[in-house]
Structures are given as C-alpha cells and as structure tokens.
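The residues making up each chain are set out below.
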Amino acid sequence: MNIRLLAKRNIQGNAQRYLAYFFSIVLSVSIFFIYASFIFHPDVVHANIPGGQLISKGLIAAEIVIIIFSVFFIAYSNAAFIQPRKKEFGLLTLLGMSKSQLRKLIYLEQTMVSLISILIGVGLGFLFSKLFLMAISWLLAVEQPISFVFVPEAFVYTIVGFVLLFQLLSLLSLFHIGNAEVVDLLKDKQKPKKTPFVSKWLIALSAVCLSISYYLAGTMSLNNSYRVLPIVFFVLIGTYFLFSQSIVALCSRLYRKKKSLYGGTNLITQTNLIFNIKDYSRLFFLTSIITAVILTAAGTLFMFSADLKKQGMDNIPQSIGWVEQDASIYSVIEPSAVENTLKEDGFKILYEVNMTGVPITHMLPHMRTGEPNENRSLLISESDYNNAAALRKIEPAKLSGKEALYIFPYGGLDYQFVHKGEQKELHFGNRTIQVTMIGQRNQSIVAPIKAATTLMVVDDQLYHEITADVPLKEKVRVRGYEIKDWEESMETAAKIEKMSNNPDHNQLQTRAPIYQEMKQGSILILFIGLFVSLLFFIVQGSMMYLRVFTNLEDKKIQIHALHRLGLTKKEIRQILSAEIRILFFAPFLIGVIHAIVAYVALSNLLESNLFVYSAMVIATYFLLQLLYYQVTKKMYERAVINSIK
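Parameters and conventions
Residues numbered from 1 in each chain as written. Predicted model: local features only at pLDDT ≥ 70, side-chain atom pairs only at ≥ 80, totals over all residues. Heavy atoms only, no water. Salt bridge = Lys/Arg side-chain N within 4 Å of Asp/Glu carboxyl O. Helix = DSSP H or I, 4+ residues; strand = E, 2+ residues; numbered from the N terminus. Buried < 20%, exposed > 50% of the residue type's maximum accessible area, 1.4 Å probe, protein only. Axes fitted to C-alpha atoms, helices over the stretch in contact; angles between N-to-C directions. Left-handed = near helix turned anticlockwise from the far one by under 90°. Contact = heavy atoms within 4.5 Å. Nonpolar A, V, L, I, M, F, W, Y, C, P; charged D, E, K, R; others polar. Polar contact = N/O pair within 3.5 Å; in protein donor to acceptor, adjacent residues only side chain to side chain. Patch = residues over 30% accessible without salt bridge, like charges linked within 9 Å, V, L, I, M, F, W, Y side chains within 5 Å. Areas by Shrake-Rupley, 256 points an atom, 1.4 Å probe, with all protein chains shown as cover. Lys, Arg positive; Asp, Glu negative; His and termini not counted. Charge placed at Lys NZ, Arg CZ, Asp CG, Glu CD. Core = buried A, V, L, I, M, F, W, Y, C linked by side-chain atoms within 4.5 Å. Pairing = 2+ DSSP bridges.

Caption draft 1: View of the pattern of salt bridges. This model, assessed by the stated rule, comprises five salt bridges. Arg479 is the salt-bridge partner of Glu352, the closest N and O atoms lying 2.6 Å from each other. Taken as a pair, Glu352 in strand S2 (residues 349-365) and Arg479 in strand S8 (residues 476-483) lie far apart in primary sequence, 127 residues in all. Judged by its relative accessible area of 40%, Glu352 falls in the partly exposed class.

Structure representation (structure tokens):
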C-alpha cells in the first residue's frame, strides 16, 4: 500500500459523495471549452462571420463568469470533502502518517478527480462543439454553416486554465487540516453542538435591509437604474442575516411549541434542524442567492425576448414611416411606390398616417444637469394627433385654448421634461407663442425621425391661427403605413429602402429589419445565458447534494440507533425526506421572492405586464428543482436505510 493507491481507493470509496461535484465540474469544463472553440474559431478571429465578433464578446464575458463561479464552487466543495473526514485523517495520523504525507494524500485525491473531470469535460465539449456551431449558424442565419475545425487554443486555455485553478485551490484546501492535533481530529465530530444564539438586532437589520431593497426595486425605473448596486448590497446583507438569525429564531419558536413537537416524527426532525440550522445558514444563503440570480437572469432574458415584438411596435409606430422636410413634395419616396410594392408582395395595408406640422423650438431641461437647452419639436394639431392615436389605440388628447401636450417617443425613459401647468414659449421663425402645458406623454404615434422625433400638440383652433400663413414648403410631412404580418416583410422593406432617396438612412424607418436584428441578438444572448444558467443550477444542486452526503456516516449511526428504539422504515423515510425538503426548498422560496421583486422592477422598466412570463420561468425552475430533490432523496434514503441491519 502506498499513498497513490490509498488516494485511488479513497476516491472509489467516496464515489457517491464525489458524483455531483464531478458532474458539475465536467459540465463547467465542457461549456468553457465549447465557448472557447467559438471565440478562437478562425472564421470568428478573421471576422468572416457576420455578428461573430459581438457573440465572441458575450462568450468571453460568460467564460469569466464560469471561472469566477468555479473558484467559489471548488473551494466550497474541497472544504466540504475535508470536514467530515477529519476522524479518518486522525486515524491515519495515529497509525504513523506524517502531516506532509496526509497533505500529499489529499492533494493526490483532488488532483486525480480534477484531471479526470477536465479530460472528460474537454472530450464532451469537443464532441458537442459541432452541435453548438450548427445552432449558432442557424441563429445567425449565415449562408454557409460555420465549419467544424480543430481549435488548439481552446484545448490549451481550457486544460491549462482549469488545471492551474484546481492546483491552486487544492493547495489552499490543505490548510483546512492545519496543525490540529490527533485528538482534535478524532474528536471533531464528537464536540457537542450548542443551541444557536440569536440577536434581535440582527433580525431587525435583516428585515430593514430586505425592506429597503424591495422598495428600491419595486419603484425602480429607467431613469434611476443606478439603484441596482444598492439593491444587490441590501439583498446580500438582508439574506445572510435572514438565514443566520431570523430562520434560527423561527425554528427555536417552533421547537418550543410542545404540542406540535411531540406529533409523529417532528421531535427528531425539529431537533436535528435546530442544531444544524447554523451549519446550514451559509449554504442556504449561497443557494438562495444563486437561485435568485438564475431566475432573474433567465427570466430577464426570456421576458425580453418574449416582449420584443411589443417593444418593436411601441418604439417604431408604423411598419414603414418617413419624414419629408418639405411637405409640398415627396423627395424621400412617393407613397404610390410604397403602396404598389406592398401590394405586389402580398401585404395588406391596415392603415396609413398622413399629417403635416410646423417645426418649432422651445426650452427643455437637460436630463443630467437640469440646465435649460433649446430643443426642436414638430407642432401638430389635436385632431391629427387623435386620429393617429386612435389607429394605435392610444388615449386621445383633450385640449382647449392655449393648452399644449408634449410627446416624447421613448416609453422606456421615465423622465418628465415638462410638468402640468408649466408656461412655455414656442418659437417659430420670428413668432413666439405662449402655451400652458397639460403634461407629457412618453409614447410614439408616428415615426420618430428628425423634425418629428418629439411632438407638441395644440388645440385645432390655435394650430390654425399659428400656421394659417405658413406655406406648405415650410411645413414637415409625416407619412406611415402599418401592414399585416409585418415581421415577414424583410425583403419588402429592403426594396423600399433601395427605392428611397435616403442616403444617410435617417429619414425613412422600416420596422422589420430593426426587429429581426434585435430578435436575432436577443435569441443569441438567451442561448448563451441559458447555458450559464443551467451551469449555475447544476452547481447549486451539487452544493446541496454535497451537504446531504457530507453527514451520511453520522446520519447512518443516528438512524440505526432510532431503528433499534422502534422507529419503522416508513418513519425513517419521513425524517430523511423532511430534512432534505427543507434543505432544497427553504432557500428556493427566498430566492423566488427575490426574483419576483426583480421581475416587478423589470416590468416597470419595460412598462409591460410580465406576470405570465415570470410564472413560466419560476414553474420551470421549480420542476427542475423538484426533479433534483427526488433524485437526491432516493439516493440518500437508499444509502441510509440499506445500512440498517
């Protein structure tokens, strides 16, 4: 028997404990390798793939996230592997093994596991990289699929990077043994656990931090998106003390209710929980935060992709829209040419917009400094606005006398440039008109291009008084066509763009190409993000799995003693199921609450009701969590109950 053989047999003996850890590392290495294969692909490096450089940047960010997450997971796992084996290390030391030999044994075990997982991970990554390239080719809609080639850099960066990472963390984990004496190692598990101490002040701090974070998130808008960092800070502090203090206090209160305590197997379940909750608190904190991150990230990506069509229609009001700087002629494109092209390609025109207005200037505050700045808008009549608003199912304006309504086209920007009752001067040539503002609407009804980017709506009578002597050539004309099935009008939009006299691409706007570009980008981000979210989910489940199997030997001793006292196998299963259920679903519940608050903030930013999308994401995650729980429970019950003689 030598140290290398002993390390090999230790791995075989602890195979069940290493299983989830091994699977998580293999998945991490595989995803890292697949992403690296694309980043260093010759066609991407030489910019032969449209959009490849942009995806490459996203994948590099994902690689950094994977490495950072792997550092925390491997460090946590190494500590989890060493802690329950201190008695084993104490016996080996008692039999004559030196501290240096003991450290060498641990180092060899972790090195063997890491090398095997890296090699299998790289092999699986290489195997599935062809499938990944095919998926990316389909998403990018390239004419020729991205070729599958051998990328040496991917092998080098993945293997060398993860080997160095494992070596560094393995060396750091050796300090867990420290200079403990043999007796300390042998009696580590025999140390009695004290009733956990609870601080009312820390419980109050947890409640205050979570309340602040939820309030900031619930009232967040695009204008104050800087709140993200304070929200994250307060959530982390509040969640940590929630599990280390508030949950402990709740368990202590339940433990004092004797009527429920003595019912069924509650005595054993609650006793185990009250004395282990302090040990669980760090795991609960980490897994709840990971759950919140997964749900928020996956939900955000999914909701943004699902809500993309609505965003396109909100920001680009007509399928084809353009602005003529001289309302007396059509210099950009003739409406008849647009109509004929649409009809030839089989698109039905739902409605058209045709309005004229007068370009004016007025003073508005700067968004950052608040200092007044001269801004341009298009002055239009109330009836023209209401006609276009009715077509887009927007509430009509109600004006009288010298009242005015300011229209800012970007609904996602919650900033008030004007306020109700504010007096404003509108300048047109040498004329100045004094109006009273009835407010501001952040929505678009016509193509927000050049002079028509922002609108100033006034009463019909006032509009005619102002523009009665203004020749048509000094007015601006806004045209637009809304068509059915506009998402499929890519080729038609290209034809119209080609026919138009629009060299700077700033006077004519077509919705389909912009929407398709945004859709393509969002699908790619969703595709990449789901890979990382899946990795986070597997790693989070692995941390719970490790925690369950870390105390397997102690649990076997406890259950064996309870069985001898008369507990049936059915009651033992109830105890084990309850303990694992708490471990899996207590942090899940808190993570879901955090994610729901994040979804509320996202709904405010997008000005959309995202309840259905968020419910779908949470339900999907719950089903995956339930599956992981059932698999872990079955394996744990079998391992414990099979030990009963």
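Caption draft 2: Looking closely at the packing of helix H13 (residues 308-315) against helix H18 (residues 511-550). Look at H13 against H18: their axes get within 10 Å of each other, and the N-to-C directions meet at 145 degrees. Where H13 crosses over H18, the handedness of that crossing is right-handed. Residue-level inspection shows Leu308, Lys309, Gly312 and Met313 of H13 in contact with H18, the latter providing Arg511, Tyr515, Met518, Lys519 and Ser522. Of the residues belonging to the contact of H13 with H18, the class tally is four nonpolar, two polar and three charged.

Caption draft 3: View of the side chain of Thr291. Within the fold, Thr291 resides in helix H12 (residues 266-306). Exposure remark for Thr291: the relative accessible area of 0% places this residue in the buried category. Here the side chain of Thr291 touches Thr287 through a polar contact of 2.7 Å, landing on its backbone oxygen. Filtering out sequence-adjacent residues up to four positions away, Thr291 remains in contact with Gln540, Phe588, Gly591, Val592 and Tyr621.

Caption draft 4: Quick peek at a positive patch on the surface. Positive charge collects at one region of the surface, where Lys569, Arg573, Lys634 and Arg638 lie side by side. For the positive patch, the secondary structure elements donating two or more residues are helix H20 (569-606) and helix H21 (611-641). Note on placement: Lys569 falls in helix H20. Looking at Lys569, the relative accessible area reads 39%, which means it is partly exposed.

Caption draft 5: Looking closely at the nonpolar core. Within the largest apolar cluster, 101 residues are counted, with the highest numbers of intra-cluster contacts made by Tyr21, Tyr35, Phe38, Leu295, Phe549 and Tyr636. Here the element with the most residues in this core is H20; it accounts for 16 residues. Once residues lying within four places of it in the same chain are set aside, the contact partners of Tyr35 are Leu59, Ala62, Glu63, Ile66, Phe132, Ile528, Phe531 and Val532. One finds Val353, Leu378, Tyr385 and Ala447 within the second-largest nonpolar core, a separate group that totals 24 residues.

Caption draft 6: Inspection of the pairing of S2 at higher detail. In the sheet, S2 pairs with S8 via eight bridges, with the strands oriented antiparallel. Its bridge partner lying in S8, Asn354 is registered against Arg479. Both S2 and strand S3 (residues 372-381) contribute to a ladder of eight bridges, which runs antiparallel. Bridging across to S3, His362 finds its partner in Asn375. Hairpin connection between S2 and S3: a loop of six residues separates the two successive antiparallel strands, and Gly370 in this loop has a positive phi of roughly 80 degrees.

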